[in-house]
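# Coordinates in review
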Amino acid sequence: MFELVQNNPILILINIIMLAIMWFTMRPAIIYTDEQVSSRQLYFVLFMWFVFNICSFWGSDWFHLYTAYDDIMKGDPIVEKIYTWIANKLAPDNYFLFRIIVWGTAQLLLWDTFRRLSVSSHLLLALFVSIWMIWFSYGRVSLAMAIAFWGLTIYHKTSNISIIPKIIGVCAILISFYLHKSAVFLIIVSLLTILTKRTSKTLFVIGLIGFPLLAYLLREGLTDTIILTMTDRTEDLNEYLAKAQQYMNAEETGYGIGPLLAHILEKVPYYLIMAVGVKAIFDERKNTSNVNFLEVSEEIQNEYSGELENYNDEAIKQNAPIPENVKVFIRALFFFVLFSSAFLFSNSVSTQVIYNRFLKFSFIPATVVLGFLLENPRYVNYAYNIYRFALF
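Summary of the structure given here. Treat the numbers as computed from the prediction; the structure is a model and nothing was measured.

All right, on to the overall build of the protein then. Across its full length, the protein holds 19 helices and zero strands. Per-residue burial for the protein yields a buried fraction of 51% across its 392 residues. Of the contacts formed within the protein by residues at least 6 apart in sequence, a portion of 74% connects residues at least 24 apart.

Next comes the structure, spelled out in structure tokens:
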């Protein structure tokens, strides 16, 4: 008999089929980065993404909230107050409607973010649904991430000459804290990306100083402070640590060559994309020469006009400055990967859990940066190899 329970093979198979359909539909946008899928295909994938968010049966969090929905309506502190309000006022006794509201809002914000960036939104969607959408559908923290990155994009609006978008952007970033307590890390990184807007040297210095300093502070008790910030109450600390221990014990029972390889395949792409993205920022400062088609003699232009035009376009793409609304995601990815990795240098169980959670904040910036790299002829080979690695 069919049951709506965790690890139901039929439900998981449905999710796998949906992922395969979305990947196959958007695949042309990745193979030919300047190609747009049809409007019908685009809206079909957006709808499939929406359904996948509502019915993400593959993970445990869907069933955790499903079984605890009555407690959420009663104000159980396992979720933030905003979700208790949504459950009571907008979706009483209806968990599916609750997910439609929460994940539907998150999807709208993230899609609007993709559309505002100086990278093909079709390409970004294709990368997202083929690699990282599965994590977006998993936890309610996705809403916090979606509104924070939307705010960061609004703040760095290309044609921004008014202070109003900056105010809206900062407010959106701060609101993310009320959508998930771990968003305090997201807010810190977002503010750092704003403060380091002017120079890539600042980015490098902060990384060199911040990484060992944070690793040291974590050993000296900063971990407990972070957990208290995420849990709201002192008595929640022991409960959190107990759950962390259970989580790590469960992980250890599955360790072997297979699970270890899965962990590597999941996390290494973040580091690779970050490295190439930072390289692009530093390369930008080295590009002092530009190819100008008009400097070529008229005789050569007439004879080789097609070849020169293609070469000129290629050179312009390679040497064009990185749009600020893309560069901000490179900086964000750098900080997420760097600072979350500092948690690896502690033997505490809780820091291992926090590392996994905080590194997950990287998947939206990683999508944007990988999309930019695929569109840039200078880095396209790196990007395709990373994509194949991440997809595998």
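With that settled, the discussion passes to the environment of Arg115. Within the element layout of this structure, Arg115 appears in helix H6 (residues 95–116). Given the relative accessible area of 52%, Arg115 is considered exposed. Separated by 10 residues in sequence, Arg115 and Leu125 have C-alpha atoms that sit 9.7 Å apart.

A few words now on the packing of aromatic side chains. Following the criterion strictly, the structure yields 31 aromatic pairs and no others. Look at Phe185 and Phe361: their rings are 6.0 Å apart centre to centre, the planes differ by 45 degrees, and that puts the pair in the tilted class. Of this pair, Phe185 sits in helix H10 (residues 183–195) while Phe361 sits in the loop between helix H17 (349–359) and helix H18 (363–375), and the two are 176 residues apart along the sequence. Phe361 matches Phe185 in its accessibility class, with the two residues each being buried. Taken together through their ring pairs, the aromatic side chains of Phe57, Trp62, Phe63, Tyr66, Tyr69, Tyr83, Tyr95, Phe96 and Phe98 make up a single cluster. Here the guanidinium or amino end of Arg99 rests over the ring plane of Trp103, the centre of that ring lying 3.8 Å away.

Applying the stated criterion across every chain, the model contains eight salt bridges. With its nearest N and O atoms 3.4 Å apart, the salt bridge here joins Asp112 to Arg115. With Asp112 and Arg115 both in helix H6 and three residues apart, this pair spans about one turn of that helix. A salt bridge links Glu266 to Lys267; the shortest N-O distance between them is 3.8 Å.

On to a nonpolar patch on the surface, then. A contiguous nonpolar surface patch, about 690 Å² in accessible area, is contributed by Phe204, Val205, Leu208, Ile209, Leu213, Tyr216 and Leu217. For Ile209, the position within the fold is in helix H11 (residues 200–231). Note on Ile209: relative accessible area 54%, which makes it exposed.

If you look at the biggest cluster of nonpolar residues, it comprises 117 residues, and the most contacted ones within it are Met22, Trp49, Phe98, Leu125, Phe128, Trp132 and Leu370. Setting aside anything within four residues of it in sequence, one finds Phe128 in contact with Trp49, Leu110, Phe114, Met133, Phe136, Phe363 and Thr367.

For the rest of this paragraph, the subject is unusual backbone geometry. Keep in mind that most residues, glycine aside, have a negative phi and that most peptide bonds are trans. Its identity as a non-glycine residue notwithstanding, Asp93 has a phi of 55 degrees, on the positive side. Assignment of secondary structure puts Asp93 in the loop between helix H5 (81–90) and H6.

Take helix H3 (residues 60–67) next. Taken together, the buried positions of H3 are occupied by Asp61, Trp62, Phe63 and Leu65. Against the buried residues of H3 lie helix H1 (9–31), helix H2 (39–54), helix H4 (69–73) and H6.

Moving on to H5. Within the sequence span of H5, burial applies to Tyr83, Thr84, Ile86 and Ala87. The arc that holds the buried residues of H5, viewed along the axis, is 160 degrees, so those residues lie on one side. Among the exposed residues of H5, those oriented more than 90 degrees off its buried face are Lys81 and Lys89.

Definitions and limits used
- Residues numbered from 1 in each chain as written.
- Predicted model: local features only at pLDDT ≥ 70, side-chain atom pairs only at ≥ 80, totals over all residues.
- Heavy atoms only, no water.
- Helix = DSSP H or I, 4+ residues; strand = E, 2+ residues; numbered from the N terminus.
- Buried < 20%, exposed > 50% of the residue type's maximum accessible area, 1.4 Å probe, protein only.
- Contact = heavy atoms within 4.5 Å.
- Phe/Tyr/Trp six-rings, centres within 6.5 Å; stacked < 30°, edge-to-face > 60°.
- Lys NZ or Arg CZ within 6 Å of the ring centre and 35° of its normal.
- Salt bridge = Lys/Arg side-chain N within 4 Å of Asp/Glu carboxyl O.
- Patch = residues over 30% accessible without salt bridge, like charges linked within 9 Å, V, L, I, M, F, W, Y side chains within 5 Å.
- Areas by Shrake-Rupley, 256 points an atom, 1.4 Å probe, with all protein chains shown as cover.
- Core = buried A, V, L, I, M, F, W, Y, C linked by side-chain atoms within 4.5 Å.
- Arc of directions from axis to C-beta.

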